[in-house]
Amino acid sequence: MKRLIERSRSVGEVLRWVTQNPGKVSASHYPIALHKLGQILQQQGQQGQGQVNGESRGPGPVLEQPEFHTLCQAIISGCAKFDNFSIVNCLYAAAALGLPGESPLVRVLEEESRSRLGRFNQKDVSMVFSSEANNKALEAIFSSQLFYENRQERFIRSMAEWLPRKAENLTPYTMALIAKYVARHRLREPRLLDTIANFLLKRGEQLDSKVIQKLVFPFSRMNYRPSNHSELFPKLEAILEQKASSSPLATVNILMSMFQLSHFPQSVLHQVFSPAFITNVMSSPYALIVRRYLSLLDAAVELEFRQYSGPRLDPRYRVLMFEHALTADEANRKYSYKGLVAEALRQLVGEECYRQDEVLPPGYCTDFLLWINRSGTVLPLSRVPASSKAPSALTTTSTAAAISLRSSVLALTSDLQDFAPVVLSVNDKWHYCQNSDILVGSRAMRDRHLRLLGYCLVQV
């Protein structure tokens, strides 16, 4: 049966072999049939929903015939008895064929796959990167919650081998989905990241800012400078100079990624801190989030880019980047070691000697804040001079956030002869790149800035 299906030359021939010989069809034959249908339709150009970037979208009217529905129903009714490899192979084949995610076949296959995920062999999932993968299939795969939410080491290794060879044929939308997956799972895999960087270097001028921000984000997320950064970063600067005002939120997102990698594009800063850009932002629905980003960028300029002499953010618009713990930290609190550390501190030094979840200008949430004197004694907060204490997270306002960071540094360092402010950081696994001791970019920049502000960081 396998040979008969593979030798078929038309959709009708494939469907006849499978639907008219149910007694001779096994679980392994169904994905072969789906794959063959996809190949035939691609070769003949029979998909009826048009062409987008050279890729046909959707299975088209030819797959509305009754025999195809019979094939789908056979898979739906029997998939609970399929082996893992056949299940994943059918799901991939359905994606490659272009079936929409809401189709009954795809829904059932995804539900069955999700229920077995813990029992999947890594090979079962890694096979989705076979040589037949195309934009349409990859878009369906990376849009699937099953693949997006779960990480498999062999799957990643397969992707790292496959992506550099196929990148030139991928659409920006497909590459953006892959970049999102890489960032989601904190994959500091140089082959993947460098491939995304090369794609961006070659096609950056043709992309709008919203797509560029999606492709740039994995670099800062993984605290990784691509191997071509000496070419890529200047090109991104040139693109942003032309497109800065077209999408202000995307522009500041790209800038934030570059700042996290300690790259400071001076010419673009002149634009984003200009009155025209600020006026445009203040009248937009995303004014607050852009103000938060601009405030943190402004703080980073003061702390790390002292040679910059261009315009700065008007103090009236400065706000804290964050006013409470990050969403990821809150969502994962029950998996964190912070509770154990808090209990240990309570027993060792007492609750009156530390603050938990304190937000420090320019808006960094700290796990624990303590003050230690020259003899190494942890001081009760009542004995710390008020001028040296960090503003309380409950009382910090936009006005407090607007106070010069440089004056904050001076206030702290002037007291270091007698007091040392210590930030105790509980770095959980989501603060690191996957299988690495390298902090993600946002956490690394936070630590740099806190040190520059005069705090002593102790990592737990």
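By convention here, each chain's residues receive numbers from 1 onward along its written sequence. With the structure being a predicted model, the display of local features is reserved for residues of pLDDT at least 70 and the display and counting of side-chain atom pairs for 80 or more, all residues being used for whole-chain, interface and lining totals. Side-chain figures throughout are based on the complete set of non-hydrogen atoms in the structure, without hydrogens or water.

(A) Inspection of the UniProt feature "domain: RAP" (unreviewed entry) in the chain at higher detail. Residues annotated by UniProt as "domain: RAP" (unreviewed entry) correspond here to residues 422–460. Measuring from the first to the last C-alpha atom of residues 422–460 gives 13 Å, for a span that is 31% helix and 21% strand. UniProt positions are given in the numbering used here, feature names are shortened, and annotations may be inferred rather than shown by experiment. Secondary structure elements are taken from DSSP: a helix is a run of H or I of four residues or more, a strand is a run of E of two residues or more, and numbering for both begins at the N terminus.

(B) How the structure looks around the nonpolar core. Side-chain atoms within 4.5 Å link the members of a nonpolar core, which is a set of buried Ala, Val, Leu, Ile, Met, Phe, Trp, Tyr and Cys residues. For every residue, the accessible area (1.4 Å probe, protein chains only) is compared with the maximum for its type, and the residue is labelled buried under 20%, exposed over 50%, or partly exposed between those bounds. Leu200, Leu215, Phe219, Phe273 and Leu294 are the most contacted members of the largest nonpolar core, which has 79 residues in total. For this core, the element with the highest residue contribution is helix H18 (residues 287–304), accounting for 8 residues. Residue ranges for the domains originate in an automatic or database domain assignment. Each of domain 2 (122–317) and domain 3 (337–391 + 403–459) accounts for three or more of the residues forming this core. We call two residues in contact whenever any of their non-hydrogen atoms come within 4.5 Å of each other. Here Phe219 is in contact with Leu193, Ile196, Ala197, Leu200, Tyr224, Pro226, Leu232 and Leu261, once residues within four sequence places are set aside. Core analysis: the next-biggest nonpolar cluster, separate from the first, contains 30 residues, Val14, Tyr30, Leu91 and Leu97 among them.

(C) Here's a closer look at the sheet that holds strand E6 (residues 368–373). Taken in spatial order, the 4 strands line up as E3-E6-E7-E8 in an open sheet, and their pairing is mixed. Looking at the sheet topology across the chains shown, the edges are occupied by strand E3 (354–356) and strand E8 (456–459). Taking the axes of each pair of neighbouring strands and ignoring which way they run, one obtains an average angle of 25 degrees across the sheet. One ladder, built from 4 bridges, connects strand E7 (residues 419–425) with E8; its direction is parallel. Paired with Leu424 across the strands is Val458, a residue of E8. Axis lines are fitted through C-alpha atoms, for helices just across the contact stretch, and the angle between N-to-C directions can take any value from 0 to 180 degrees. Lying on the sheet, helix H23 (residues 441–452) is in contact with E7 and E8; it crosses E8 at an angle near 140 degrees. Two strands pair if DSSP finds at least two bridges between them.

(D) Highlighting the pairing of E7. Among the 7 residues that make up E7, 6 are buried, leaving the element largely enclosed by the rest of the structure. Traced from E7 through H23 to E8, the parallel crossover comes out right-handed. Handedness of a crossover is defined as follows: with both strands directed away from the viewer, a clockwise route from the first strand across the helix to the second makes it right-handed.

(E) Spotlight on the environment of Leu232. Relative to the elements of secondary structure, Leu232 occurs in helix H14 (residues 229–243). Residues Leu232 and Ala197, 35 residues apart in the sequence, show an inter-C-alpha distance of 7.3 Å. Those residues in contact with Leu232 that sit more than four places away from it in its chain are Ala197, Leu200, Leu201, Phe219 and Pro226.

(F) How the structure looks around the packing of aromatic side chains. When the centres of two rings from Phe, Tyr and Trp lie within 6.5 Å, Trp using its six-membered ring, the rings pair. Their planes under 30 degrees apart give stacked, over 60 give edge-to-face, and anything left gives tilted. Under the criterion given, the structure shown has 5 aromatic pairs. Where Tyr30 meets Phe82, the ring centres are 5.7 Å apart and the plane angle is 15 degrees; that geometry is what we call stacked. Here Tyr30 is found in helix H3 (residues 29–44), whereas its partner Phe82 is found in the loop between helix H4 (66–78) and helix H5 (84–97), with 52 residues between them in sequence. A relative accessible area of 11% means that Tyr30 is categorised as buried. Owing to a relative accessible area of 8%, Phe82 belongs among the buried residues under this scheme. Among the aromatic residues, ring-to-ring pairing joins Phe259, Phe264, Phe305 and Tyr308 into one connected group.

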